[in-house]
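Okay, here's what each chain looks like letter by letter:
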Amino acid sequence: MNRRELIDQLRSMRQDSAIHAKEHNADPIWQKDVDAIDEVLDILEDYDKQAEQIRMLTKRHATPIHALKKGDGVYVCPACNHYVTLRSNYCQRCGQMLRKPERRAAVERDLGLLWTGRKQQK
Ligand SMILES: [Zn+2]
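So, here's what we can say about the structure. These figures come from a predicted structure and were not determined experimentally. (Residues numbered from 1 in each chain as written. Predicted model: local features only at pLDDT ≥ 70, side-chain atom pairs only at ≥ 80, totals over all residues.)

1. As for the overall build of the protein
Regarding its fold elements, the protein presents three helices and five strands. Secondary structure elements of the protein occur, N-terminal to C-terminal, as α-α-β-β-β-β-β-α. Taken across its 122 residues, the protein has 7% of its residues classed as buried. Nonlocal contacts in the protein, meaning residues at least 24 apart in sequence, comprise 31% of its contacts between residues at least 6 apart. (Helix = DSSP H or I, 4+ residues; strand = E, 2+ residues; numbered from the N terminus. Buried ≥ 20, exposed ≤ 12 C-beta atoms within 10 Å, placed from the backbone. Contact = placed C-beta atoms within 7 Å.)

2. What to know about the environment of Q31
Mapped onto the fold, Q31 is located in helix α2 (residues 29-62). With 15 C-beta atoms packed within 10 Å, Q31 lands in the partly exposed category. Linking Q31 and A18, residues 13 residues apart in sequence, is a C-alpha distance of 6.6 Å.

3. Thoughts on the sheet that holds strand β2 (residues 68-71)
Within the open sheet, the three strands sit side by side as β2-β3-β4. Their pairing is antiparallel. Each end of this open sheet is capped by a strand with a single partner; those strands are β2 and β4 (83-84). Sheet analysis places strand β3 (residues 74-76) next to β4, joined by two bridges and oriented antiparallel. Among the inter-strand pairings, V76 is bridged to a residue of β4, identified as Y83. (Pairing = 2+ DSSP bridges.)

4. Re unusual backbone geometry
Even without being a glycine, N25 presents a positive backbone phi close to 55°. For N25, the location among the structural elements is in the loop between α1 (3-21) and α2. Of note in this structure, N81 is not a glycine but carries a positive phi near 70°. Within the element layout of this structure, N81 appears in the loop between β3 and β4.

5. Brief notes about the pairing of β2
In this sheet, β3 lies alongside β2 in antiparallel orientation, the contact comprising three bridges. Across the sheet, the residue bridging to L68 is V76, located in β3. Remark: two residues form the turn of the hairpin made by β2 and β3, two consecutive strands paired antiparallel; G73 in that turn has positive phi of roughly 75°.

6. Quick word on α1
Given a rise of 1.5 Å per residue, 19 residues ought to cover 27 Å, and the 26 Å separating the end C-alpha atoms of α1 matches this to within 8%. Here α1 lies mainly on the outside; one of its 19 residues are buried. (Expected span 1.5 Å × (residues − 1).)

Set out below in C-alpha cells:
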C-alpha cells in the first residue's frame, strides 16, 4: 500500500467510524477511532511539511551562490539579505551556502585569508 492509498484508507475508516459514532447509543470506541485517525492524519501532514523544509534547507546548505556586493567591502546573502563577510562559507542567518568569486578567492588565498574550514592551531 503506497502513501496515497494509506491516507485514502484512513479517511475511509474515519468516515465509517464517524457514521457509527453518530448512531443511537453508539459505543464510544467509534468516536475514539475518529479522534485517533484525525491525530494520525495531522501527524502525516506535519511530517510532509517538515520533510519539505528539510529538502529546502538541504538544498540551500549544499548549493553555493555568490554573495551580493552592496558597497565597498560590504556583502549580503542573496537569500535573506543578511550581511556576510568575505570569508563566510555560509550565511549565519539562513544557512545559505555562499560561493566566492574566483578572483576574490585568489586574492584571499594570496593574502592568506581564505577560510580552509579548519581552525588554526595556536
Ligand atoms: Zn542568508
